Amino acid sequence: MKILFCYRNWMNPNKGGVQRVSDTLANYFKTKGHQLYYLTFEYEKEDKYQFPAELIQLPDSDFYSEVNVRFYHKLLDDLSIDIMINHDAANDRSRLFLNTGRSSVKKISLYHTDPLHELNRKPNLGGRINNELLRNLVVNNLSGLIQKLRIGKKKKQIKDLLRNSDRLIVLSKQHKQRIETVLNIKTPKIVALSNPIAILNVEGEILKKKQILFVARMELVVKRPDKMLKIWSRINDKHPDWELIFLGDGPEKDKMIELASSLNISNVRFEGFVLPAPYYQEASVLCMTSEYEGFPSVLVEAMEKEMAPVTFNNWISLKDVIDDGKNGLLASRDNLDQFAEKLDKLLSEDSYRNEIALNAKVSVAKFKVENIGPLWEQLFKELVN
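Residues numbered from 1 in each chain as written. Predicted model: local features only at pLDDT ≥ 70, side-chain atom pairs only at ≥ 80, totals over all residues. Heavy atoms only, no water.

S.K.: Looking at this structure, how should I read helix α6 (residues 225–235)?
M.R.: Structurally, the α-helix is built with 3.6 residues per turn, so residues lying three or four positions apart point the same way. Counting buried residues along α6, 8 of its 11 residues qualify, which places the element largely inside the surrounding structure. Within the span of α6, buried status applies to Pro225, Asp226, Lys227, Met228, Leu229, Ile231, Trp232 and Ile235. (Buried < 20%, exposed > 50% of the residue type's maximum accessible area, 1.4 Å probe, protein only. Helix = DSSP H or I, 4+ residues; strand = E, 2+ residues; numbered from the N terminus.)

S.K.: Would you mind showing me how to read the packing of helix α10 (residues 336–348) against helix α11 (residues 350–363) here?
M.R.: Any two packed helices are characterised by the angle at which their axes cross and by the distance between the axes. Two elements in contact, α10 and α11, have axes whose closest approach is 5 Å; the angle formed by their N-to-C orientations is 105°. In terms of their interaxial angle, α10 and α11 are classed as roughly perpendicular. Counting all contacts with α10, which are made through Lys345, Leu346, Leu347 and Ser348, the residues of α11 involved are Asp350, Tyr352, Arg353 and Ile356. Of the residues that constitute the contact of α10 with α11, the class distribution is 4 nonpolar, 1 polar and 3 charged. (Axes fitted to C-alpha atoms, helices over the stretch in contact; angles between N-to-C directions. Parallel < 35°, antiparallel > 145°, perpendicular 65-115°, else oblique. Contact = heavy atoms within 4.5 Å. Nonpolar A, V, L, I, M, F, W, Y, C, P; charged D, E, K, R; others polar.)

S.K.: Explanation requested: a nonpolar patch on the surface in the structure shown.
M.R.: Together, Leu142, Leu145 and Leu149 line one region of the surface with nonpolar side chains, adding up to about 280 Å² of accessible area. Turning to its location among the elements, Leu145 is positioned in helix α4 (residues 132–164). On the accessibility criterion, Leu145 (46% relative accessible area) is partly exposed. (Patch = residues over 30% accessible without salt bridge, like charges linked within 9 Å, V, L, I, M, F, W, Y side chains within 5 Å. Areas by Shrake-Rupley, 256 points an atom, 1.4 Å probe, with all protein chains shown as cover. Salt bridge = Lys/Arg side-chain N within 4 Å of Asp/Glu carboxyl O.)

S.K.: Could you clarify how one ought to interpret the nonpolar core in this entry?
M.R.: In a soluble, globular protein the nonpolar side chains are often hidden away together inside. Residues Phe5, Phe29, Leu213 and Trp376 are the most contacted members of the largest nonpolar core, which totals 53 residues. Leave out the neighbours within four places in its chain, and Leu213 touches Ile245, Leu247, Tyr279, Tyr280, Ala283, Val285, Leu286, Cys287 and Met307. Counting residues in hydrophobic clusters, the runner-up holds 34 residues, among them Leu229, Ala260, Phe270 and Ala357. (Core = buried A, V, L, I, M, F, W, Y, C linked by side-chain atoms within 4.5 Å.)

S.K.: Is there a simple way to explain the pattern of salt bridges in this structure?
M.R.: Between side chains of opposite charge, a pair can form as their charged atoms come close. Scanning the model with the defined rule gives 28 salt bridges in all. In this structure, Arg8 engages Glu42 in a salt bridge whose closest nitrogen and oxygen atoms are separated by 2.8 Å. You can see Arg8 sitting in the loop between β1 (2–7) and α1 (17–31) and its partner Glu42 sitting in the loop between β2 (35–40) and β3 (54–57), a full 34 residues away along the chain. Given the relative accessible area of 23%, Arg8 is considered partly exposed. Residues Glu118 and Lys154 are paired through a salt bridge, measuring 3.2 Å at the closest nitrogen-oxygen approach. With Glu118 in the loop between β5 (106–110) and α4 and Lys154 in helix α4, this pair connects stretches of sequence that are 36 residues apart. Its relative accessible area of 25% is what places Glu118 among the partly exposed residues. Residue class for Lys154 comes out buried when judged on its relative accessible area of 6%. Salt bridges linked by common partners bring Arg224, Asp226, Lys227, Glu291, Arg333 and Asp334 together as one network.

S.K.: I'm lost on α11 in this one. Help?
M.R.: The terminal C-alpha atoms of α11 lie 20 Å apart, and with 14 residues this matches the ideal 20 Å at 1.5 Å per residue to within 8%. Every buried residue belonging to α11 is among Tyr352, Arg353, Ile356, Ala357 and Ala360, and all of these are buried. Axial view of α11: buried residues confined to an arc of 130°, hence all on one face. Residues of α11 that are exposed and angled more than 90 degrees away from the buried face: Ser351 and Val362. Those residues of α11 that are buried are in contact with β11 (285–288), α9 (297–304), β12 (308–312), β13 (329–331) and α10. (Expected span 1.5 Å × (residues − 1). Arc of directions from axis to C-beta.)

S.K.: Sorry if this is basic, but what is going on with the sheet that holds β11 here?
M.R.: Neighbouring strands of a sheet are bound in pairs by backbone hydrogen bonds; such pairs are parallel or else antiparallel. Spatially, β10-β9-β8-β11-β12-β13 is the arrangement adopted by the 6 strands of the open sheet, whose pairing is parallel. Pairing within the sheet leaves two strands with one partner each, and these edge strands are β10 (268–272) and β13. Each neighbouring strand pair of the sheet contributes to a mean axis angle of 20°, computed without reference to strand direction. Pairing analysis gives 3 bridges linking β12 to β13, with the strands arranged parallel. Bridge pairing in β13 links Phe312 to Ala331. Taken strand by strand, α10 contacts β8 (211–215), β11, β12 and β13, and its axis lies near 175° from that of β12. (Pairing = 2+ DSSP bridges.)

S.K.: How should unusual backbone geometry be read in this particular structure?
M.R.: The residue Asn184 is not glycine, and still its phi comes out positive at about 55°. Classification of Asn184 as exposed rests on a relative accessible area of 56%. We note that Arg224 has phi near 55°; this positive angle belongs to a residue other than glycine. Within the secondary structure layout, Arg224 lies in the loop between β8 and α6.

S.K.: Just checking my understanding: could you explain the environment of Pro188 for this structure?
M.R.: Within the fold, Pro188 resides in the loop between α5 (173–182) and β7 (190–192). Of the residues examined, Pro188 reaches a relative accessible area of 70% and is grouped as exposed. For the pair Pro188 and Met303, spaced 115 residues apart in sequence, the C-alpha separation works out to 32 Å.

Just geometry here; none of it tells us what the structure is for.
What follows is the structure, encoded as structure tokens:
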């Protein structure tokens, strides 16, 4: 089959989790005899990565322009594309990718995050109202209304995706169940397929050091590296032989370096944007403090490399990955003290940490591409036949 991946950014796996997952799937599909193409909007021509697919860029700088629409329709016809995978399901850019004109291409939309994560945010109401009684009145009256409006907007978005897609892929059974219960949308067109573990080619043995990894963009809206620093400040004096290493760049990196200094944390290092694979080989613990995730590649990649994970229980797909106390540790939402206690125990007890790490490696074998890939193959056959 001829398969077209559509996404705003180009699919270099070194650029982020979405790209690593996409690259892993593309390489798998290629081994099964499929012909792969990437359609992208942004691309650095200096990129030297050897893509497993032919890379095609939309010609016009105005994403939604008629020039791009006509180019896209002609591309589908000229290449005789059988299946288009829209990797931008969470974004309005889907309007372009799902507009396939008269082509008979089968369309799959893929969420790379929790489809309903917006519904978890508490409305910021009454923050500037000094009168407590008035503030509570505003919050109580408007919170329910705002949540109803959010639910209505999200329901429309997902129904639009379903109407214009042959299948909608979510990353967890938990996501599908929540769409059914919260939005009252039940359809066999929604399919739960976990991300495969990205193939990380790293030479050498796994030799663990007393290192903790935090792998994410340096930004405060979702990834919350500030919480990780505050957690580490509670216990780092007890573990002077351990080091916290931040991998990732972003708008808040300098602020995080300043925060580490103000908290008097010495055993911390900021590496910036680097490939995480070599660090997985040596680090013993992974920490995640995200407000939400879809199905984080970092988590299963690290667990596959025998790292013991500690994370806030902030997203529902964790049920698919972590069994608390067996292959990882979960702290209650925003409970920094509890997170610190669990991390402290993990660092203090070598046998306990090693047991968690070994269980982690075994438990994520089900997410290897040789197990996830055939489920995609089955889906392709259903659509085309």
